[in-house]
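# Structural features, examined
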Protein chains: 2
Amino acid sequence: MSTPGAQSGQGEHSRRGAAAAAAQAGTRLDPWFSSYADRAHGMRASEVRSLFAVANRPEVVSLAGGMPNIDGLPLEHLAEMTAKLLRERGTKALQYGGGQGEEELREQIVEVMRYDHVAAHPDDVVVTTGSQQALDLVTEIFINPGDVVVAEAPSYVGALGVFRAYQADVVHVPMDDHGLIPDELERTLTELERAGRRVKFLYTVPNFHNPAGVSMALERRPQVVEVCRRHHVLILEDNPYGLLGFDADPLPALKSYDPDGVVYLGSFSKTFAPGYRVGWAAAPHAVREKLVLASESAILSPTMMGQLSVATYLANFDWYGQVKEYRQMYRERRDAMLGALAEYLPEARWTVPDGGFYTWVTLPEGLDAQAMLPRAVTNLVAYVSGTAFYADGQGHDHMRLSFCYPTPERIREGVRRLSTVVRAEAELVTMFGTPPTARRGDAVEIPSPDQV
Amino acid sequence: MSTPGAQSGQGEHSRRGAAAAAAQAGTRLDPWFSSYADRAHGMRASEVRSLFAVANRPEVVSLAGGMPNIDGLPLEHLAEMTAKLLRERGTKALQYGGGQGEEELREQIVEVMRYDHVAAHPDDVVVTTGSQQALDLVTEIFINPGDVVVAEAPSYVGALGVFRAYQADVVHVPMDDHGLIPDELERTLTELERAGRRVKFLYTVPNFHNPAGVSMALERRPQVVEVCRRHHVLILEDNPYGLLGFDADPLPALKSYDPDGVVYLGSFSKTFAPGYRVGWAAAPHAVREKLVLASESAILSPTMMGQLSVATYLANFDWYGQVKEYRQMYRERRDAMLGALAEYLPEARWTVPDGGFYTWVTLPEGLDAQAMLPRAVTNLVAYVSGTAFYADGQGHDHMRLSFCYPTPERIREGVRRLSTVVRAEAELVTMFGTPPTARRGDAVEIPSPDQV
């Protein structure tokens, strides 16, 4: 909720008068306005939320959402498997479990991480309510207000929301087509150290980056690990898309280079299904211990029904075959997206993702993705403005386009619509100059699940 | 994790030397020891955790746990219902949902709350990962470090853990057999106001209190609401057991007296099953808005599979008939517990619960429940020491006994074993005086899910 505007009085007491009036107005609208914690006063919905309510109408092609396409899931198999689970182990599946998560599932998670070259022990794994909760818990146990989180420029909007909710300062480090740039990381950490800032961790999405669509090159991975080790900065490696590479096997995770220096976050939301809300963190031993305590305080225990459903699916179905089908489907959609961009929007630039859900588009000079969004939605196409992915106001010249959910035909149609909006906008800019855009405040903009 | 002990040096530098040595020792055991947030340094497992690992052995009668007994659930019906859900609505059930929770379920939650005389709108409801997450979210949006939460003496251990994780100061208000005492609440709030303390909310479990086993009398409910309204203190009403009364229909919730002054927390864990992790908060409008934002930041969205499973069960099964069966089962266990206490432990006192899971036992003079616990576990019976339910070190003369999970025969056997421990302990006390007990520090003791 934003603070309602207040009429300023005149004279020397005007500022105090305005604050008092605002507080009074807040209290009128919300009887608990004066009771919130400092962190909550900054929480407000992102400005584009109401727009996304519109964007979810069926006539709008949404290139905004990060929802996986799960039409290919073996529903009949899942129905039988789940019925059997309830019949045979129902009183376990419907009961509370331990705060760390079921050992049966943690053992399977260790196997899943082997694809990323991670050698972990089930004791190192904490099962969470999606990897989003793991992100929240890591931030909770490490961040005091004013601590620094170093993150790629751009970064996952849902992570930025968490960091700001815990009142961290996010400092961005540049990327290129090969991911985070180790020299820039070194420079940034050195500068922060000189400035006496406390850097708690590096947040990075090395594979098929959200939103940038690029991956960290193999040779950079040990370099990034080495830079962080030298500066004693923990790495928070977020890897929801790692198994969804289109052309090659997964690259080694950062955690494979330094198990004690990296907390690795994984998720079944993109390789299986988001509806169970099952993700995990694999952490150094002492960190894992704190994550479990923080999670028990927050939710007591993760859903046993969801955990055993995932465990049963992994044990009884060719889940990696399903992942391969997902890859094929997303590759076709990526191809449709890149083909349509080349055909309809040659004046823009974009990254070429080898996996995952997103491409990152740079608009022609002078265009502002945030200002253009309402007109795009009016023209029945939606995207996420690049501004959502920075903590420091950058990103107006970028947009994130996702190719995960709509069909290839809809993707082409969406990009075509987008191109007419971009052309019209470019004409306006030529005639009247760049339009003013809404200023970003210091408030925590929480993305809606449609946007992540 | 507790800070490892350090050798003190001699002379004027000894304290600084000890702190440095402790930090060094911490760093040796945990490379990230110096990186944690302030809130995390205090998080440690409760001392009795390792004991509870023992207490979970089948030969031990555990009167400690708060796990519902779900043996009576209609597993065959649930199996068929869930298979149908996956076949017919699988791509919805397995997808992300909105952060506030599914409207279909929120409408049913409104109907469930009618039993408590609450008239709410589905827009006021936020679905959470068990009501524990709702507790965490409310505390997150209201509590700055040092703010006061007023809570019954004793209070739910899982709530105390959350309050301390957010660095709240908990101030207890006495109860009697009719629940929280309004005059004591008035006195406490007035004193805190005079002392200039900022009281953010009253946390209360009005029905079948955990751990006290008592309910707030009907005539006290409007009084408590009125006291809080006069002091402009929000009420956090936690009601997981409300429908599990043995003898009468539920009393009106505090929220029914003042919808804008109360955040009501509900759960399906005790009336249906905990394994889905589906609970909720019903909040005043502006508070609800912040709860949704905080929840989206923490977990994106609650499990759709869990939500639709609960919604389908509520819609297609005589769920209230199942609740009545639960009542009957728990009543028999309560009777077994009270009968065994009268037979084996007449020298103790205990509350007589009209519902829920717990009775609160006062030990004979001089006995210490915390000190006695290891000996009880050695004698194959477990309970939770009263000290777990206070933030201020009280409770040594109390224990919580739960009658929810074991059979009536096991309950009787457990109380019999307990009585032999109490007798032996009383003899020791007579001979050697009250034994010294472990001092409580300021650390946040996180209960294991077995203890809640």
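Residues numbered from 1 in each chain as written. Chains lettered and ligands numbered in written order. Predicted model: local features only at pLDDT ≥ 70, side-chain atom pairs only at ≥ 80, totals over all residues. Heavy atoms only, no water.

Residue and element names in this part refer to chain B. Contact pair helix 6 (residues 130–142) / helix 10 (residues 285–299): the axes reach a minimum separation of 9 Å and the direction vectors enclose 110°. Of the possible angle classes, the one that applies to helix 6 and helix 10 is roughly perpendicular. Crossing geometry of helix 6 relative to helix 10 is assigned as right-handed. Here Q133, L137, V138, E140, I141 and F142 of helix 6 come into contact with helix 10, specifically with V287, K290, L291, A294, S295, A298 and I299. For the contact of helix 6 with helix 10, the residue count by class is nine nonpolar, two polar and two charged. (Axes fitted to C-alpha atoms, helices over the stretch in contact; angles between N-to-C directions. Helix = DSSP H or I, 4+ residues; strand = E, 2+ residues; numbered from the N terminus. Parallel < 35°, antiparallel > 145°, perpendicular 65-115°, else oblique. Left-handed = near helix turned anticlockwise from the far one by under 90°. Contact = heavy atoms within 4.5 Å. Nonpolar A, V, L, I, M, F, W, Y, C, P; charged D, E, K, R; others polar.)

Residues and elements named next belong to chain A. The domain boundaries assigned to chain A delineate domain 1 (47–72 + 321–432) and domain 2 (91–316). The gap between the C-alpha centroids of domain 1 and domain 2 is 26 Å. Each partner contributes to the interface: domain 1 provides 28 residues, whereas domain 2 provides 28 residues. Between domain 1 and domain 2, a total of about 2400 Å² is buried, with carbon and sulfur atoms accounting for 63% of that surface. Summed over the three residues of domain 1 that lose the most area to domain 2, namely R327, F389 and A391, the buried surface amounts to 24% of that side. Inspection of the region where domain 1 meets domain 2 yields one salt bridge. Among the ionic pairs, R331 bridges to D247, the shortest N-O distance being 3.0 Å. Those elements that place two or more of their residues in the side of domain 1 that touches domain 2 are helix 12 (319–344) and strand 12 (358–362). It is helix 12 that provides the largest number of residues to the side of domain 1 that touches domain 2, a total of seven residues. In terms of residue class, the side of domain 1 that touches domain 2 is made up of 15 nonpolar, seven polar and six charged. (Domains from an automatic or database assignment. Buried area = accessible area lost by both parts, 1.4 Å probe. Salt bridge = Lys/Arg side-chain N within 4 Å of Asp/Glu carboxyl O.)

Let's shift gears to the sheet that holds strand 14 (residues 384–385) of chain A. All names here are of chain A. Pairing in this open sheet of four strands is antiparallel, and the strands run 11-12-15-14 from one edge to the other. The open sheet has two edge strands with one neighbour each: strand 11 (349–350) and strand 14. Sheet topology places strand 11 next to strand 12; two bridges connect them, and they run antiparallel. Bridge pairing in strand 12 places W350 opposite V361. The sheet strands contacting helix 12 are strand 11, strand 12 and strand 15 (398–402), and the helix crosses strand 12 at an angle near 15°. (Pairing = 2+ DSSP bridges.)

Residues and elements named next belong to chain B. One can describe the packing of helix 5 (residues 103–114) onto helix 11 (residues 304–316) by two numbers: an axis separation of 9 Å at closest approach and a directional angle of 50°. Between helix 5 and helix 11, the angle falls in the class oblique. As for the relative orientation of helix 5 and helix 11, their crossing is left-handed in sense. Residues E104, L105 and Q108 of helix 5 form the contact with helix 11, whose own contacting residues are Q307, L308, V310, A311, L314 and A315. Broken down by class, the residue content of the contact of helix 5 with helix 11 amounts to six nonpolar, two polar and one charged.

Another aspect to go through is the packing of aromatic side chains. Inspection of the entire model under this criterion finds 37 aromatic pairs over all chains. Taking 4.2 Å as the distance between ring centres and 5° as the angle between the ring planes, the aromatic pair formed by Y115 of chain B and Y320 of chain B counts as stacked. Pair noted here: Y115 of chain B is in the loop between helix 5 and strand 3 (125–129) and Y320 of chain B is in helix 12 (residues 319–344), with a separation of 205 residues, a long-range link. We classify Y115 of chain B as partly exposed; its relative accessible area is 32%. Members of the aromatic cluster, each reached through a chain of ring pairs, are Y36 of chain A together with F142, F163, F201 and Y203 of chain B. Note that K290 of chain A overlies the ring of Y36 of chain B, its terminal NZ or CZ placed 4.9 Å from the centroid. (Phe/Tyr/Trp six-rings, centres within 6.5 Å; stacked < 30°, edge-to-face > 60°. Buried < 20%, exposed > 50% of the residue type's maximum accessible area, 1.4 Å probe, protein only. Lys NZ or Arg CZ within 6 Å of the ring centre and 35° of its normal.)

Our next topic: the pairing of strand 3 of chain B. Residue and element names in this part refer to chain B. Most of strand 3 is tucked away, with five of its five residues classed as buried. Direction of pairing for strand 3 relative to strand 10 (residues 278–282): antiparallel, over a ladder of five bridges. In the strand pairing of strand 10, V127 is matched with W280.

Before going further, it helps to examine the environment of L236 of chain B. Tracing the sequence through the fold places L236 of chain B in strand 8 (residues 234–238). The contacts of L236 of chain B, once residues within four sequence positions are left out, are L135, V138, F201, L202, Y203, T204, V263 and L265 of chain B.

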